[in-house]
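# Notes for the structure review
So you can see what is in the structure, the chains are spelled out below.
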Amino acid sequence: MTSTQAYGEPWYWDNRYSNEPGPFDWYQKYLTLAPIINLYVPSDHPVLVVGCGNSAFSEGMVLDGGYTDVVNVDISSVVIEAMKSKFRDCPQLKYMKMDVRDMNAFESGSFSAVIDKGTLDSLLCGNNSRQNATKMLEEIWRVLKDKGVYVLVTYGAPLYRLRLLQESCSWTIKLHVIEKLASEEKSDYPVWELMKPVPLNDDGSSVEEALGPNPDVHYIYICTKEISANSNKNA
Ligand SMILES: C[S@@+](CC[C@H](N)C(=O)[O-])C[C@H]1O[C@@H](n2cnc3c(N)ncnc32)[C@H](O)[C@@H]1O
């Protein structure tokens, strides 16, 4: 098994977090994404971060963003124990070992927002990827309140992510993009302004028209749970 294939496996992450205590943030840090998070996620509502790892993102949400209730889950007991101990004096941050495909510890409708930076991507690397990703998305849908938002930060362009999202649950989807470069190297003229949604049609072809082929960006999908549009499915 290659290491990317193992991204869906708990042993891989336990091993990695035992050797690399971090902190480490995949793709982007809180400060570069803060304007988008603040726009879509109210700071006084309960937020769930799935596959938190040892990232400083949630800490940033609390210390810089004023978020008051950030629950973090990860499948790796190694990282959850380390994060619990690190943040034992920070009541706004909670850490729980949990598989995102089965979050029955949470009642339906518990959260106003779910944040995922790199976790759906990891499940998509492993075996049974499509099945695992669908279970994950259905669980995220379930734990969100009506009108709650799933914020998915990913390297996956609409060509690879849109259909999966559309087929899992009935989301209303907006798309933002942010350049991959580290914040200090960001160019003065980004490919696209962070705060401006990219036009998104049903098959995502509008995105290539707006940004050109293979833009050097991370994609931020803002998926809103719309029960009314989908009253029979997963409600
Ligand atoms: C690419 S890392 C991203 C970590 C963090 N979100 C960040 O942005 O730095 C993916 C994380 O997902 C976790 N993970 C993988 N499969 C999982 C599952 N089924 N349930 C919960 N967490 C999972 C891994 O342990 C790892 O911490």
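Residues numbered from 1 in each chain as written. Predicted model: local features only at pLDDT ≥ 70, side-chain atom pairs only at ≥ 80, totals over all residues.

### Focus on helix α1 (residues 10-19)
Put simply, the rule is: With C-beta atoms placed from the backbone, the exposure class of a residue follows from how many other C-beta atoms lie within 10 Å of its own: 20 or more, buried; 12 or fewer, exposed; in between, partly exposed. In this description a helix means any DSSP run of H or I spanning at least four residues, a strand means any run of E spanning at least two, and both kinds are numbered starting from the N terminus. By construction, the arc corresponds to the directions joining the helix axis to the C-beta atoms. C-beta atoms are placed from the backbone for every residue, and two residues are taken to be in contact when these atoms lie within 7 Å.
Within the sequence span of α1, burial applies to Tyr12, Trp13 and Tyr17. Projection of α1 onto a plane perpendicular to its axis shows the buried side chains occupying an angular sector of 120°, all on one side. Among the exposed residues of α1, those pointing more than 90 degrees away from its buried face are Trp11, Ser18 and Asn19. Buried residues in α1 make contact with α4 (77-86).

### Some points on the pairing of strand β4 (residues 111-117)
In plain terms, the rule: Only strands joined by at least two bridges in the DSSP assignment are considered to pair.
Within β4, 6 of the 7 residues are buried, leaving the element largely enclosed by the surrounding structure. Bridge count for strand β1 (residues 47-50) against β4 is 4 bridges, and the pairing is parallel. Among the inter-strand pairings, Val47 is bridged to a residue of β4, identified as Ala113. Pairing analysis gives 6 bridges linking β4 to strand β5 (residues 144-154), with the strands arranged parallel. Bridged to Lys117 within β5 is Val153.

### Comments concerning the UniProt feature "domain: Methyltransferase type" (unreviewed entry) in the protein chain
How we decide: UniProt positions are given in the numbering used here, feature names are shortened, and annotations may be inferred rather than shown by experiment.
UniProt tags residues 48-151 as "domain: Methyltransferase type" (unreviewed entry). In residues 48-151, the share of helix is 38% and the share of strand is 27%. The end C-alpha atoms are 10 Å apart.

### Side note on the site of the ligand
Formally: Working rule for contacts: place C-beta from the backbone, and if it is within 6 Å of a molecule or strand, that residue counts as near it. Each residue is assigned to one of three groups, with Ala, Val, Leu, Ile, Met, Phe, Trp, Tyr, Cys and Pro labelled nonpolar, Asp, Glu, Lys and Arg labelled charged, and all others, Gly among them, labelled polar.
Taken together, 22 residues lie near the ligand, and Trp13, Gly51, Gly53, Ser55 and Gly118 sit nearest. If you tally residues by element for the shell around the ligand, the top one is helix α5 (residues 119-125), at 3 residues. Looking at the shell around the ligand residue by residue, the class counts come to 9 nonpolar, 8 polar and 5 charged.

### Here's the deal with unusual backbone geometry
A cis amide bond, omega 5°, links Gly22 with the succeeding residue Pro23. Among the structural elements, Pro23 can be located in the loop between α1 and α2 (30-40). For Asn128, which is not glycine, the phi torsion reads 50° and is therefore positive. Along the chain, Asn128 turns up in the loop between α5 and α6 (129-143). The class for Asn128 is exposed, based on 11 C-beta atoms found within 10 Å. Despite not being glycine, Asn214 has its phi angle at roughly 45°, a positive value. On the secondary structure map, Asn214 appears in the loop between α8 (205-211) and β7 (217-225).

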